[in-house]
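Summary of the model geometry
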Amino acid sequence: MKFGFDIDDTLISLREHAFHIYNKNLNKTIPIDVFHEIKKVEIHEAFGLTAEQGFNMWNSSLEEIYYTSCPPYPDAVETLVELSKQGHEIYYITARPSEHGERTKQWLIEQGFPVQAEKFFCGMKDQDKVKIIQELKLDYYFDDKPDVLNTLSNDLLKVYVMNQSYNQHLTIPRITNWSELKEIINK
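Report on the accompanying structure. (Residues numbered from 1 in each chain as written. Predicted model: local features only at pLDDT ≥ 70, side-chain atom pairs only at ≥ 80, totals over all residues. Heavy atoms only, no water.)

Right, let's get into the nonpolar core. If you look at the biggest cluster of nonpolar residues, it comprises 42 residues, and the most contacted ones within it are Phe5, Tyr92, Phe113, Trp178 and Leu181. Setting aside chain neighbours within four positions, we find Leu181 in contact with Phe3, Phe5, Thr79, Leu83, Phe142 and Ile175. Of all hydrophobic cores here, the second largest spans 17 residues; its members include Ile132, Leu138, Val148 and Val159. (Core = buried A, V, L, I, M, F, W, Y, C linked by side-chain atoms within 4.5 Å. Buried < 20%, exposed > 50% of the residue type's maximum accessible area, 1.4 Å probe, protein only. Contact = heavy atoms within 4.5 Å.)

Viewed as axis vectors pointing N to C, helix α3 (residues 51–67) and helix α5 (residues 101–111) meet at an angle of 25°, and their least axial separation amounts to 10 Å. When the axis of α3 is compared with that of α5, the two are roughly parallel. For the pair α3 and α5, the contacting residues are Glu63, Tyr66 and Tyr67 in the first and Arg103, Thr104 and Trp107 in the second. Taken together, the residues of the contact of α3 with α5 sort by class into three nonpolar, one polar and two charged. (Axes fitted to C-alpha atoms, helices over the stretch in contact; angles between N-to-C directions. Helix = DSSP H or I, 4+ residues; strand = E, 2+ residues; numbered from the N terminus. Parallel < 35°, antiparallel > 145°, perpendicular 65-115°, else oblique. Nonpolar A, V, L, I, M, F, W, Y, C, P; charged D, E, K, R; others polar.)

This part covers the state of the cysteines. Under the criterion given, the structure shown has zero disulfides. Cys70 takes part in no disulfide bond, and the closest cysteine sulfur to it belongs to Cys122, at a distance of 15 Å. Residue Cys70 is classed as buried on the basis of its relative accessible area, which comes to 1%. Given a relative accessible area of 22%, Cys122 falls into the partly exposed group. (Disulfide = S-S within 2.5 Å.)

Here we come to the packing of helix α1 (residues 14–25) against α3. Between α1 and α3, whose axes approach to 10 Å, the crossing angle comes to 105°. As judged from the angle between their axes, α1 and α3 are roughly perpendicular. Packed against α1, whose contacting residues are Leu14, His17, Ala18, Ile21, Tyr22, Lys24 and Asn25, the element α3 presents Gly54, Met57, Trp58, Ser61, Glu64, Ile65 and Tyr66 at the interface.

Structure representation (structure tokens):
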């Protein structure tokens, strides 16, 4: 089978990692409970930043956010390694800017994710992401972003949302831990 995965906030806890970096870099101590209540993808408002300030903070912190100790979600690496060992195809489809593609791929490999260069797609807008997902004729696709998931309607593609505070309104089947994937496949 063919499995497609978004990376940020689907396989790795990027926003929470960024939240800790913002606290450190802004010399703040905003509690993590605040993070878990954020109803948007963007985290800047929790720090009292405007949209423009948040945009600038994110972009000036990308190096630290993307390439330091951002943790994979529990069981993410092990689950994808097991899928790969079973002969399933693993595709990564991320909207991270294309200039971060090669380093992101290398970072994923260093974390233990099974990555093949020809099955790694990076640097597209959300609407282009949907086209890639459809062209690959995936069996399963996992993402956190409502804007992507809401546009995927195909009877053959099984779509799942990675549980996040900002996507609770979605009625798409939800995954909360990567150990659940075995059960999903066996249905």
